[in-house]
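Summary of structural features
Spelled out from the first residue to the last, the chains are:
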Amino acid sequence: MNAPVSIDTDTRRSAPTPADLTITVRDERFNRASSPRRWWAGEPFGTAWHNALSATFPRGEAFFIEAVKAHREGAEPKLEAEIRAFVKQEINHTREHIAFNRLAEDAGYDIKAIDTRVAEMLALTKDRPAIANLAVTMALEHYTAMMAAEFLANPKHFEDADTEVRDMWRWHAAEEIEHKGVAFDTWNHATSDWTGWRRWKVRSLVMLTVTARFFKNRWIDSLNLLEQDGITGWKAKWGLFKYLTITPGVVRRIFPAWLSYFKPGFHPWDHDDRELIKLYEGDFQDALMPAE
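These remarks concern the structure in this document.

Here is what the cut-offs are and how they apply
- Position numbers for residues count from 1 along each chain, tracking the sequence in the order it is written.
- Per-residue local features are limited, in this predicted model, to residues with pLDDT of at least 70; the limit for side-chain atom pairs, both in listing and counting, is 80 or more; totals at the level of whole chains, interfaces and linings are taken over all residues.
- Hydrogens and water molecules were not included; the side-chain quantities draw on all heavy atoms of the structure.
- In this scheme Phe, Tyr and Trp rings, the latter by its six-membered ring, pair at centre separations within 6.5 Å, and the angle between planes marks the pair as stacked below 30 degrees, edge-to-face above 60, and tilted otherwise.
- Helix numbering and strand numbering both begin at the N terminus, where a helix is a DSSP run of H or I of at least 4 residues and a strand a DSSP run of E of at least 2.
- Whether a residue is buried, partly exposed or exposed follows from its accessible area with a 1.4 Å probe, protein chains only, as a fraction of its type maximum: under 20%, in between, or over 50%, in that order.
- Whenever a helix is involved, its axis is fitted only over the stretch in contact; in every case the axis is a line through C-alpha atoms, and angles between N-to-C directions fall within 0 to 180 degrees.
- We call a crossing left-handed when the near helix sits turned anticlockwise from the far one by less than a right angle, and right-handed when that turn is clockwise.
- Contacts are residue-level and defined by heavy atoms, with any inter-residue pair within 4.5 Å sufficient.
- For this classification, Asp, Glu, Lys and Arg are treated as charged, while Ala, Val, Leu, Ile, Met, Phe, Trp, Tyr, Cys and Pro are nonpolar and the rest, including Gly, are polar.
- One less than the number of residues in a helix, times 1.5 Å, gives the span that helix is expected to have.
- Salt bridge criterion: a side-chain nitrogen from Lys or Arg within 4 Å of a carboxyl oxygen from Asp or Glu.
- The labels follow the angle: roughly parallel below 35 degrees, roughly antiparallel above 145, roughly perpendicular from 65 to 115, and oblique for the rest.

Taken as a whole and judged by the stated rule, the model has 20 aromatic pairs. Judged by centre distance (4.8 Å) and plane angle (25°), the rings of Tyr143 and Phe214 are stacked. Taken together, the residues span a long stretch of sequence, with Tyr143 in helix α4 (residues 130-153) and Phe214 in helix α7 (residues 196-228) at a distance of 71 residues. Side by side, Tyr143 and Phe214 carry an identical accessibility label, which is buried. Seen in terms of ring centroids, Tyr261 and Phe266 are 5.2 Å apart; in terms of plane orientation they differ by 50°. Their pairing is tilted.

Looking now at the packing of helix α5 (residues 163-178) against helix α10 (residues 274-281). Axis separation between α5 and α10 bottoms out at 9 Å; the angle between their running directions is 145°. For the crossing formed where α5 meets α10, the hand is left-handed. Side by side, α5 and α10 meet where Asp167, Arg170, Trp171, Ala174, Ile177 and Glu178 of the first sit next to Leu276, Ile277, Leu279, Tyr280 and Glu281 of the second. Per-class residue counts for the contact of α5 with α10 are 7 nonpolar, no polar and 4 charged.

Here we take up α5. Think of an α-helix as 3.6 residues a turn; residues three or four steps apart then line up on the same face. Taking 1.5 Å of rise per residue, the 16 residues of α5 would be expected to cover 22 Å, and the 23 Å separating its terminal C-alpha atoms lies within 8% of that figure. Counting buried positions along α5 gives 13 out of 16 residues, so the element sits mostly inside the fold.

Applying the stated criterion across every chain yields a total of 19 salt bridges. Linking Arg274 and Asp20 is a salt bridge whose minimum nitrogen-to-oxygen distance equals 3.0 Å. Linking Arg274 in helix α10 with Asp20 in the segment before α1 (44-69), this pair joins segments that are 254 residues apart in sequence. For Asp20, a relative accessible area of 56% gives the class exposed. Two residues, Asp27 and Arg29, come together in a salt bridge whose shortest N-O distance is 3.3 Å. A network of salt bridges, in which partner residues are shared, links Asp27, Arg29, Arg32, Arg95 and Glu96.

Turning our attention to the packing of helix α2 (residues 77-106) against helix α6 (residues 182-190). Where α2 contacts α6, the axes come no closer than 10 Å and their chain directions differ by 135°. The orientation of α2 relative to α6 falls into the category oblique. As α2 runs across α6, the sense of the crossing is left-handed. Contacts between α2 and α6 involve Leu79, Glu82, Ile83 and Phe86 from the first element and Val182, Asp185, Thr186 and His189 from the second.

Here's what the structure looks like:
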């Protein structure tokens with residue numbers, strides 16, 4: 001009698017992060033002496049969506065840093081160096097989004113409710129296993145990488161934005177693409193003794209949960225900010241829906257990349273989009289500061 005066939009849903013054993021990838025810390029500063037328009041994106045819906053995202057970043061990226069650092073012990077030298085560079089990049093992102101969030105507050109937006117809810121949600125993670133926090137980080141890092149690639153590839157997202165605000169988002173996007181495999185590779189390192197089935201099942205279920213919470217909360221946050229502009233009811237909901245799914249349609253456009261996360265053997269670098277980083281760096285060569 002033949003033995004049953006074992007189907008391994010995590011067929012890739014070695015992560016295909018490019019061997020020649022260098023994660024570069026670009027220590028740039030934005031929005032210190034500028035006074036962008038209240039609707040810095042040129043209209044209220046893109047402004048609200050990105051302001052809602054930015055309000056979550058300072059606490060969220062601190063969470064990402066701790067989740068990855070908690071599993072760096074025993075990592076190979078290349079991954080260990082990438083984790084260090086990842087941490088430095090995320091610290092800089094936190095700093096710049098704190099500065100950007102001050103601009104939103106100076107423009108009259110109250111974003112304290114968003115920050116408070118993020119703090120409350122993160123408080124719930126303190127008693128969870130550290131590996132669960134890494135799984136959440138890995139899923140959210142895929143979101144940031146998907147949106148980053150879209151923001152750099154499609155000029156429509158910031159074509160009417162204030163220049164310095166647009167530069168900040170493009171800088172952030174370039175670095176999110178660059179370190180998009182770090183949390184995933186750390187996950188593979190931390191779960192090296194798991195079966196392929198267990199690894200695939202957990203990351204897939206976590207992505208579904210993260211997706212539901214991400215869009216529910218960002219939708220609520222964006223509508224709250226639109227209400228502060230006097231845009232309410234169906235006008236607010238339709239305008240935001242149109243912005244996200246039609247033009248420029250970031251949610252519609254990232255859907256194939258989101259779906260690929262559930263593919264057996266998936267890795268963020270299955271799609272090498274470093275050309276988008278070069279597109280950004282072409283205008284900012286003087287700002288490059290190699291990571292240690």
